[in-house]
Structures are given as C-alpha cells and as structure tokens.
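Notes for the structure review
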Amino acid sequence: MENRLITFRNGQQVCSLGQGTYQMGRRRSEEIQALRRGIELGLTLIDTAEMYGTEDLVGEAVRGCRHKAFIVSKVLPGNASYEGTKRACERSLKRLGTDYIDLYLLHWIGRYPFAETVRALAELQQEGKIRQWGMSNLDVDNMERILALPHGRDCAANQVLYNVKDRGIEYDLIPWSRQHDIPVMAYTPLGEGRLRSHKTLADIARRHDATPTQVLLAWVMRAQNVIAIPKAGSIAHVEENARSLGISLTEEDLCDIDRAFPAPTHKIRLAGW
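It should be emphasised that the depicted structure is a prediction, and the values quoted were computed from it without experimental measurement. (Residues numbered from 1 in each chain as written. Predicted model: local features only at pLDDT ≥ 70, side-chain atom pairs only at ≥ 80, totals over all residues. Heavy atoms only, no water.)

Observations regarding the overall build of the protein chain
Within the protein chain, the secondary structure is distributed over 10 helices and 10 strands. For the protein chain, whose C-alpha radius of gyration is 18 Å, the value lies close to the compact-globule estimate of 19 Å for 273 residues. Taking the principal axes of its C-alpha atoms as reference, the protein chain extends roughly 55 × 45 × 30 Å. Out of the 273 residues in the protein chain, the part that is buried amounts to 56%. Considering only contacts within the protein chain whose residues lie at least 6 apart along the sequence, 76% involve residues at least 24 apart. Charge centroids of the protein chain, computed over 36 positive and 34 negative side chains, lie 3 Å from each other. (Helix = DSSP H or I, 4+ residues; strand = E, 2+ residues; numbered from the N terminus. Rg over C-alpha atoms; globule rule 2.2 N^0.38 Å. Buried < 20%, exposed > 50% of the residue type's maximum accessible area, 1.4 Å probe, protein only. Contact = heavy atoms within 4.5 Å. Lys, Arg positive; Asp, Glu negative; His and termini not counted. Charge placed at Lys NZ, Arg CZ, Asp CG, Glu CD.)

Below, the structure written as structure tokens:
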C-alpha cells in the first residue's frame, strides 16, 4: 500500500488519509475497534471536536497507543474567547485523557475576534498543551486575516468541505493554501451517500478493481497537501478506506470525473461561513 504523507510545518508527518468521528458513539465498542484498526493501517490522524461528543471515545481508542496517534480537536466559536479557548482546551484534554493535542482548530468563525483566539492558541502551544493549531471553515480572505496576526503564520492547517461534488475550494483556497504551505483537511470527502452510486464513479471503480468509495477518496487525495478524513465506524469500512491509498487515478479517470462533476469556474464562498 502506497503511504502518502503530508508534512506539517513543524516537520511532523501524517498519512493523507485520516479518520473522522462526527456522529459516532452509537456503536461505541465497534467504533473504538475501527479506530484502532485504522491506526494499525497507518491512518493515525483522528479528527474529533468538543461539538462531536466523541473525544472520550477517541481517548479510549488511543489508550496504549497514544504515541502513534495524531489527534485533531476543535474549539467551538462560542467558547473561542481568549480565556474560553484555554478552558475549552483543558476540557478536551481531560475528555481525551491526554496531556497534549496534536492539532487544535477553531471550528468556524464566531463572535470573538480572531486575535483573541490566536493569542490563546499560541500560548497553549508554548505551554505544550497543543503541538500545533489551525482553523476550520475559513475562506481565503479570513485566512489572510489569520496570517496577518502575531503568531498567525504558525497556522498549521485549515479544515474545509471538499469532495467531487463540492469543489469550490479548488478555485482559490487550495492554490492559496499550497502557496502558504498550509495543509487542507477535507471533511465529508465521500459527499452525500448517493454519490457512491454515480455511474461515472462506478465505471472508474471497475477499471481499478475498486469500490466507488475508494475512488472518491483517491480523488480527494490526488491534490497536493490535502488530507481526507472520512468517518468509518466499522473495521470493514476502515479497511475499505485504507485500500484507496493504493489507487492512482489515470488522466482518463480524472477527465471522466471532471465531465460528471465540473471544476469551479468562478469564486464560490464556503457554504454557511
């Protein structure tokens, strides 16, 4: 299996395929086993957030192998004042059962000034409670505002919606992020469930003796410096996802996808942010 690596600014590397945990928790034992299987397969980045209610689940999953895992969590905008960010981080650390978070993000834009949140994030990093910090759901204009702040150029990542149907970030956010060496984390990389039954994706999957899920993930990861974070609540799904790392889409495949799901030709604002 090809091991595609993404390198963060601090030199730490992770596989370009991670594991999401949004809406997990209903089948706790099975989901914990799935996360552990993912770590075994090299999918060491696990994404959670205080909003998801899965930090304790992630903490249990990485118990005994914390050194192998790269944990991402997020502070809610309503908690993202200077003091609120610090308190939220402490709560997350407690729920995760760890003394540091690898990457801590502002979940989306709220009422507090970016300067307050970034100052808290920078101090948490200096204190060793987080290894790196970043943003989520920020478009180019707001990412520029982040970089202009004191410590702003330490911003390590931006997590946004990205899949074959939702390609708006290709117009300017992905090129901008590449220029500034800021990895993009793609949430909902499989899109809506019905995407997997699309004829074009099914045809490409047959050409690779693969599944449409694997084609969707391989397509997201084809982009330089992009990490896909699909949710997988079972070992079978984790193993299916992991096999996408061995797929290299051809020019024919990519052209077929472009015809079915055209790339953006104009600026599209990130939905809802």
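There is more to say after this.
Re the nonpolar core
Core analysis: the largest hydrophobic core is formed by 73 residues, its most contacted members being Y104, M135, I146, L249 and I257. With 7 residues, helix α8 (residues 212–221) is the largest single contributor of residues to this core. Every residue in contact with L249, bar those within four places of it in the chain, is listed here: I204, H208, V215, A218, W219, L254 and I257. Grouped together as the second largest cluster of nonpolar side chains are 13 residues, F8, V14, L45 and L103 included. (Core = buried A, V, L, I, M, F, W, Y, C linked by side-chain atoms within 4.5 Å.)

Comments concerning helix α3 (residues 82–96)
When the terminal C-alpha atoms of α3 are compared, their 22 Å separation across 15 residues agrees well with the 21 Å that a helix rising 1.5 Å per residue should span. Along its buried surface, α3 packs onto α2 (55–61), β5 (70–75), β6 (101–106), α4 (114–126) and β7 (130–136). (Expected span 1.5 Å × (residues − 1).)

Quick word on the sheet that holds strand β3 (residues 19–20)
Strand order across the open sheet formed by 8 strands is β3-β4-β5-β6-β7-β8-β9-β10, with parallel pairing between neighbours. The open sheet has two edge strands, β3 and β10 (226–228), and neither has a second partner. The sheet contact formed by β5 and β6 spans 4 bridges and is parallel. If you follow K74 over to β6, its bridge partner there is L105. (Pairing = 2+ DSSP bridges.)

Structural notes on the packing of helix α1 (residues 28–40) against helix α9 (residues 235–242)
Interaxial distance between α1 and α9 falls to 8 Å at its minimum, and their mutual angle equals 25°. In terms of their interaxial angle, α1 and α9 are classed as roughly parallel. Considering the relative orientation of α1 and α9, their crossing is right-handed. For the pair formed by α1 and α9, the contact residues are Q33, A34, R37 and G38 on the first element and I235, V238 and E239 on the second. Taken together, the residues of the contact of α1 with α9 break down into 3 nonpolar, 2 polar and 2 charged. (Axes fitted to C-alpha atoms, helices over the stretch in contact; angles between N-to-C directions. Parallel < 35°, antiparallel > 145°, perpendicular 65-115°, else oblique. Left-handed = near helix turned anticlockwise from the far one by under 90°. Nonpolar A, V, L, I, M, F, W, Y, C, P; charged D, E, K, R; others polar.)

What to know about the packing of aromatic side chains
Under the criterion given, the structure shown has 3 aromatic pairs. Note on F8 and F70: the rings are 5.2 Å apart at their centroids and 5° apart in plane angle, and the pair reads as stacked. Of this pair, F8 sits in the loop between β1 (5–7) and β2 (13–15) while F70 sits in strand β5, and the two are 62 residues apart along the sequence. Owing to a relative accessible area of 2%, F70 belongs among the buried residues under this scheme. Their ring planes at 40° and their centres at 5.2 Å tell us that Y162 and W219 sit as a pair that is tilted. Within this pair, whereas Y162 is found in the loop between β8 (158–161) and α6 (173–179), its partner W219 is found in helix α8, the two being separated by 57 residues in sequence. Residue classification places Y162 among the buried residues on the basis of a relative accessible area of 0%. Take W219: its relative accessible area is 0%, and that puts it in the buried class. The ring of Y100 has R66 lying over it, and the distance from NZ or CZ to the ring centre is 4.1 Å. Against the face of Y82 rests R119, its NZ or CZ located 3.8 Å from the ring centre. (Phe/Tyr/Trp six-rings, centres within 6.5 Å; stacked < 30°, edge-to-face > 60°. Lys NZ or Arg CZ within 6 Å of the ring centre and 35° of its normal.)

Worth remembering: the numbers are spatial, not functional.
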